[in-house]
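Structural characterization, general
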Amino acid sequence: ATCPVMVAPAMDEDMWHHPATRENLEKIRQHGCSVIPVGHGELASGLVGEGRMAEPEELVQHLEQYFSRSGQLKGKKALVTAGPTYEAIDPVRFISNHSSGKMGYALAEELSGRGAEVTLVSGPVPGKHSLNGIHLVQVKTADEMYRACMEASDYDIAIMAAAVADYTPVEVADQKIKKKEEEFTLRLKKTGDILKTLGGQKKNGQVLVGFALETTDEKENALKKLSGKNADIIVLNSLNDKGAGFGGDTNKVTLYFKRGGEKEIGLKPKTEVARDIVDSITELL
């Protein structure tokens with residue numbers, strides 16, 4: 001199909017929860033298909049559980065929401081960052097993190113699906129992605145990501161979803177470092193703060209969104225980042241929440257707004273979390 005595709009799964013609960021089904025659903029999401037959530041109720045087997053096809057009224061509601069969003073951001077420019085960065089120690093080793101880039105890619109696709117002109121600055125991420133007209137800028141280091149974002153700073157919407165390294169080695173060895181001494185000291189220096197720089201030069205009408213991945217004092221740290229970076233929204237991820245954060249296909253976040261207030265988004269596929277985040281951005285615009 002060359003048109004947008006929506007999928008309404010219907011199956012027994014054991015099949016719905018089978019890993020193969022999860023992998024197949026993620027594959028079709030990566031190809032731009034929308035998956036309508038299943039319901040909970042009586043199944044064809046006579047059991048009661050998850051896997052029941054969404055009711056006709058729900059299917060119509062999803063279609064109505066799609067068409068109301070389609071073209072919603074036409075004429076707007078969006079900048080999105082995704083994935084980790086690699087900070088080289090020598091030609092073989094580097095410092096990085098566990099970011100898969102899935103959240104950033106989902107946000108870029110959601111923005112593009114609503115008509116925005118999207119530039120996606122991505123660190124190294126696994127797998128192939130169908131980006132459907134999104135301008136992809138591939139980088140490796142925090143410095144490369146910083147410079148790419150500065151070049152794309154003429155935006156209406158910027159979402160900094162990448163897990164950028166806070167520090168990078170002061171010196172990078174030309175050759176592989178051999179294991180000789182009992183201890184090895186690595187000197188690090190701060191990387192450029194992309195979110196803070198964009199916040200410092202933000203113009204009226206621009207919406208800037210940052211992410212905060214926290215393990216302690218989550219809300220306090222998110223609010224501190226919101227004010228300190230001059231962002232309009234901070235999206236809080238807590239590694240204490242099961243199914244949230246790096247690597248997985250689901251996420252659970254809380255949005256904190258510069259204008260005040262917060263919004264919790266429960267555990268759901270990252271594609272649906274992206275839709276909810278972009279809904280909140282659209283309301284600000």
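That block above? That's the structure.
The sections below set out a description of the structure shown in this document.

Rules used in this analysis
- Within each chain, residue numbers correspond to sequence positions counted from 1 in written order.
- Only residues with pLDDT of at least 70 are given local features in this predicted model, and only at 80 or more are side-chain atom pairs given and counted; all residues enter the totals for whole chains, interfaces and linings.
- In computing side-chain properties, one takes all heavy atoms of the structure into account and sets aside hydrogens as well as water.
- Only protein chains enter the accessibility calculation, which uses a 1.4 Å probe; a residue whose area is less than 20% of its type maximum is buried, one above 50% is exposed, and one in between is partly exposed.
- Under the DSSP-based scheme used, a helix requires at least four consecutive residues in state H or I and a strand at least two consecutive residues in state E, with every element numbered from the N terminus.
- Seen with the strands pointing away from the viewer, any crossover whose path from the first strand over the helix to the second strand runs clockwise is right-handed.
- It only takes one pair of heavy atoms within 4.5 Å for two residues to be counted as in contact.
- Note that the arc is computed from the directions linking the helix axis to the C-beta atoms.
- Here, a salt bridge means any Lys or Arg side-chain nitrogen found within 4 Å of an Asp or Glu carboxyl oxygen.
- A pair of strands is labelled paired if DSSP reports no fewer than 2 bridges between them.
- Interaxial angle, 0 to 180 degrees, is taken between N-to-C directions of lines fitted to C-alpha atoms, where a helix line uses only the stretch in contact.
- Each pair of aromatic rings taken from Phe, Tyr and Trp, with Trp reduced to its six-membered ring, is defined by centres within 6.5 Å and is described as stacked if the planes are under 30 degrees apart, edge-to-face if over 60, and tilted in the remaining cases.
- The criterion for a charge sitting over a ring is simple: Lys NZ or Arg CZ within 6 Å of the ring centre, and within 35 degrees of the ring normal.
- Using only the protein atoms, space was sampled on a 1 Å grid; points where a 1.4 Å probe fits but cannot get out form cavities, open sets with protein on both sides within 12 Å along at least five of seven lines form pockets, and lining residues are those with an atom within 4 Å of a point.
- Grid points are joined across faces, edges and corners, and a volume is the space filled by probe spheres set on the points.
- Gly falls in the polar group here, along with every residue not listed as nonpolar (Ala, Val, Leu, Ile, Met, Phe, Trp, Tyr, Cys, Pro) or charged (Asp, Glu, Lys, Arg).
- Nine residue types can take part in a nonpolar core, namely buried Ala, Val, Leu, Ile, Met, Phe, Trp, Tyr and Cys, and a core is a set of them joined through side-chain atoms within 4.5 Å.

Now for the pairing of strand β13 (residues 207–214). Within β13, seven of the eight residues are buried, which leaves the element mostly enclosed by the surrounding structure. The parallel pair β13 and strand β14 (residues 233–238), bridged by helix α7 (residues 218–228), forms a crossover whose chirality is right-handed.

Within the secondary structure, Met150 sits in helix α5 (residues 142–151). Taking the C-alpha atoms as reference, Met150 lies 44 Å from Gly39; in sequence the two are 111 residues apart. In this structure Met150 touches Ile194, Thr197, Leu198 and Gln201, once residues within four positions along its chain are discounted.

All right, on to unusual backbone geometry then. The backbone phi angle of Asp217 is positive, close to 45 degrees, even though this residue is not glycine. One can find Asp217 in the loop between β13 and α7. For Asn230, which is not glycine, the phi torsion reads 60 degrees and is therefore positive. The topology assignment puts Asn230 in the loop between α7 and β14.

Okay, α5 next. Residues Ala142, Met145, Ala148 and Cys149 constitute the buried set of α5. Considered in projection along α5, the buried side chains sweep an arc of 125 degrees and stay on one side of the axis. In this structure, the buried residues of α5 make contact with β5 (77–82), β6 (87–88), β8 (117–122), β9 (135–138), β10 (157–160) and α6 (194–200).

This next bit is on the pattern of salt bridges. Applying the stated criterion across every chain yields a total of 13 salt bridges. Between Lys229 and Asp193 there is a salt bridge, and its shortest N-O distance comes to 2.4 Å. Here Lys229, found in the loop between α7 and β14, pairs with Asp193, found in the loop between β12 (188–190) and α6; they are 36 residues apart in sequence, far enough to count as distant. By relative accessible area, which is 28% here, Asp193 ends up partly exposed. Between Lys268 and Asp276 there is a salt bridge, with its nearest N and O atoms 2.8 Å apart. Residues participating in the shared-partner salt-bridge network are Glu110, Arg114 and Asp279.

A few words on the sheet that holds β13. Strand pairs in the sheet, formed through backbone hydrogen bonds, run parallel or antiparallel to each other. Reading across the sheet, the eight strands line up as β9-β8-β5-β10-β13-β14-β15-β16 and stay open at both edges, with mixed pairing between neighbours. In the strand order of this sheet, the two ends are held by β9 and β16 (262–269), each with one partner. Within the sheet, the average angular offset between the axes of one strand and its neighbour, ignoring direction, is 15 degrees.

Each aromatic ring pair is characterised by the separation of its centres together with the angle its planes make. Enumeration over the complete set of coordinates arrives at two aromatic pairs. Seen from their ring centres, Tyr66 and Phe67 are 5.1 Å apart, and the 75 degrees between their planes marks the pair as edge-to-face. Look at Phe67 and you get exposed, because its relative accessible area is 59%. Taking 3.9 Å as the distance between ring centres and 15 degrees as the angle between the ring planes, the aromatic pair formed by Tyr86 and Phe94 counts as stacked. Taking relative accessible area as the criterion, Tyr86 reaches 28% and is therefore assigned partly exposed. In this structure, Arg22 is placed above the aromatic ring of Trp16, and the distance from its NZ or CZ to the ring centre is 4.7 Å. Stacked on the ring of Phe257, the Lys or Arg Arg259 has its end atom at 5.0 Å from the ring centre.

Approximately 1200 Å³ is the volume attributed to the largest pocket. Lining the largest pocket are 42 residues, with Ala162, Val164, Asp166, Phe211 and Lys225 sitting closest to its centre. Elements that contribute at least two residues to the lining of the largest pocket include exactly β5, α4 (102–113), α6, β13 and α7. A breakdown of the residues in the lining of the largest pocket according to their chemical character gives 16 nonpolar, 16 polar and 10 charged. In this structure, the second largest pocket spans a volume of roughly 790 Å³. In this structure, the second largest pocket is lined by 29 residues; those nearest its centre are Gly32, Cys33, Ser34, Tyr66 and Glu110. Those elements giving two or more residues to the lining of the second largest pocket turn out to be β2 (34–35), α3 (56–69), α4 and α8 (270–284). Among the elements that make up the lining of the second largest pocket, the one with the highest residue count is α4 (five residues).

Bringing the nonpolar core into the picture now. Among the nonpolar cores identified, the biggest contains 32 residues, and Leu107, Leu111, Ile159 and Ile277 are the most heavily contacted of them. Taken together, the elements giving at least two residues each to this core come down to β5, α4, β8, β10, β13, β14, β15 (250–257) and α8. Looking at which element gives the most residues to this core, the answer is α4, with six residues. Non-local contacts of Ile277, meaning those with residues more than four positions away in its chain, are made with Met103, Leu107, Phe211, Val235, Leu255 and Ile265. Judged by nonpolar contacts, the second largest core, of 22 residues, contains Met145, Tyr155, Leu198 and Ala212.

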